[in-house]
Amino acid sequence: MARRAKRPDSAGAAVPAPPSLASLSVLLDSFPARHVLVVGDLVADEYLYGQTDRVSREAPVLVVRHESSEVKLGGAANAAANARALGAEVTVVGALGEDGMGTELRRLFEAAGIGVRAASAPSTETKTRILAGGINTTRQQMLRVDRGNVPPLSEAATLALVEHLQAAATEADVILVSDYGAGVVCEPVRAALHELALKKRVCVDSRYGLHSLAGFHWAKPNEPELQVLTGVPVTTDEALLRAGAEALDLLECAAVLVTRGRKGMVLFEKSGATSIPVHGARDAVDVTGAGDTVMAAFTLALAAGASALQAALLANMAGALVVQKQGTATVPLPELRAELERA
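Throughout what follows, the structure given in this document is the object of discussion. Quick caveat: nothing in here was measured; it's all calculated off a predicted structure. (Residues numbered from 1 in each chain as written. Predicted model: local features only at pLDDT ≥ 70, side-chain atom pairs only at ≥ 80, totals over all residues. Heavy atoms only, no water.)

**Focus on the overall build of the protein**
Formally: Numbering of helices and strands runs from the N terminus, with a helix taken as a DSSP run of H or I at least four residues long and a strand as a DSSP run of E at least two residues long. Our radius of gyration looks at C-alpha atoms and nothing else; its globule reference is 2.2 Å times the residue count to the power 0.38. We call a residue buried when its accessible area falls under 20% of the maximum for its residue type, exposed when it is over 50%, and partly exposed in between, using a 1.4 Å probe and counting protein chains only. Throughout, a residue-residue contact means that at least one pair of heavy atoms, one from each residue, lies within 4.5 Å. The Shrake-Rupley method, run with a 1.4 Å probe, gives the accessible areas here. Residue values count only the displayed protein chains as cover. The charge count treats Lys and Arg as positive and Asp and Glu as negative. His and the chain ends do not count. Charge positions are represented by NZ for Lys, CZ for Arg, CG for Asp and CD for Glu.
A tally of regular secondary structure across the protein gives ten helices and 14 strands. A globule of 343 residues ought to have a C-alpha radius of gyration of about 20 Å, and the protein, at 20 Å, matches this closely. Overall, the C-alpha framework of the protein stretches about 70 × 45 × 40 Å when taken along its three principal axes. By residue count, 54% of the 343 residues in the protein fall in the buried class. Across the protein, contacts joining residues at least 24 apart in sequence account for 67% of those joining residues at least 6 apart. Working note: accessible area of the protein is about 15300 Å², and carbon and sulfur atoms make up 53% of it. Charged side chains of the protein number 33 positive and 38 negative; the gap between the two group centres comes to 5 Å.

**Let's talk about helix 4 (residues 155-169)**
As a reminder of what qualifies: A helix is expected to span 1.5 Å multiplied by its residue count minus one.
In a regular helix each residue adds 1.5 Å, so 15 residues correspond to 21 Å; helix 4 covers 21 Å between its end C-alpha atoms and thus fits that length. Among the residues of helix 4, those classed as buried are Ala157, Thr158, Ala160, Leu161, Val162, Leu165, Ala168 and Ala169. Tucked inside the fold, the buried residues of helix 4 contact strand 2 (35-40), strand 5 (89-97), strand 6 (115-121), strand 9 (174-179) and helix 5 (187-196).

**Details of helix 1 (residues 21-29)**
Where we set the bar: Our arc is simply the arc of the directions from the helix axis toward the C-beta atoms.
Every buried residue of helix 1 is accounted for by Leu24, Leu27 and Leu28. Projected onto a plane normal to the axis of helix 1, the buried residues spread over an arc of 100° and lie on a single side. Turned more than 90 degrees away from the buried face of helix 1, the exposed residues are Ala22, Val26 and Asp29. The inward-facing, buried residues of helix 1 contact helix 9 (308-322) and helix 10 (333-342).

**Description of the nonpolar core**
Spelled out, the test is: As used in this record, nonpolar core signifies buried Ala, Val, Leu, Ile, Met, Phe, Trp, Tyr and Cys residues forming a set joined through side-chain atoms within 4.5 Å.
Counting 64 residues, the largest nonpolar core has Phe31, Val38, Leu73, Leu105, Phe109, Phe298 and Leu336 as its most contacted members. Ranked by residues supplied to this core, first place goes to helix 9 with eleven residues. Leaving out residues up to four positions away in the same chain, Phe31 has contacts with Leu86, Gly87, Ala88, Leu300, Ala301, Ala304, Leu314 and Leu333. By size, the runner-up hydrophobic cluster in this structure holds 49 residues, among which are Val204, Ala219, Ala247 and Val256.

Encoded structure:
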């Protein structure tokens, strides 16, 4: 299930026994009793589906005839949706525009049973994906168009975010930070998070600014983010181990979970590094939002009292399930439990 990789300073460390499947199953039982506060950039993932069978006479591009559309919870909202699907009570703090996409995200949050405390932004972060194909073929993504705000958010929005964060944290068991670089996880919010971290456990995930999120309990970078954080080119296993050990020191946290796509994960703790092979043998269908699923499962398991390794194993399994689904998706608790029983 997992294997201990040698770190330069722990070659003689004893290899701990992997957690039992029974212990992981018990953790799932306590997920519904946990309250996760998600802080970060709320994104509308818009999907436009269509059919294409000809090239435009105006330019060398395919003509897509629109068939249907849908909007899903993306970014930090996807992390919140995954935590909710896994049974937790969830509150989300972020920024939304008073526009159509903001209205739709509020509706989706309400439908999912997720509490929302949103500051007002000029517009709602939106990623529009156009998927098309022939009459009897699978729709493939052709283009993505991103729309949203240029950071920083206004002073009024920033003050509102801090107030929402402080109020929502009173009921939370754990805080999940999902930073997509759209301005929500700004310096005043980070300062408020550091104050809250004296009482609440905080797990951080950041696309572009992990270096600014030091001093929290856990972190979940992928390999490119780890490389940017440490400046160590992650081209070999030895370099990965060196970068992970350095990340622990730079981030001043108890554990760093590095996701590696088809190579699985590596969990770094002060006691050593544990390699976790990818779960299952099926090829990924779509990796969109998979990091949010992993982050949600990892954070919720830690809130439920899991060790970092137990949480990583559950997150690894959840990530393997979600990449079998098309588009932004979640892994419901019964699905994760069933997969655990099959393992």
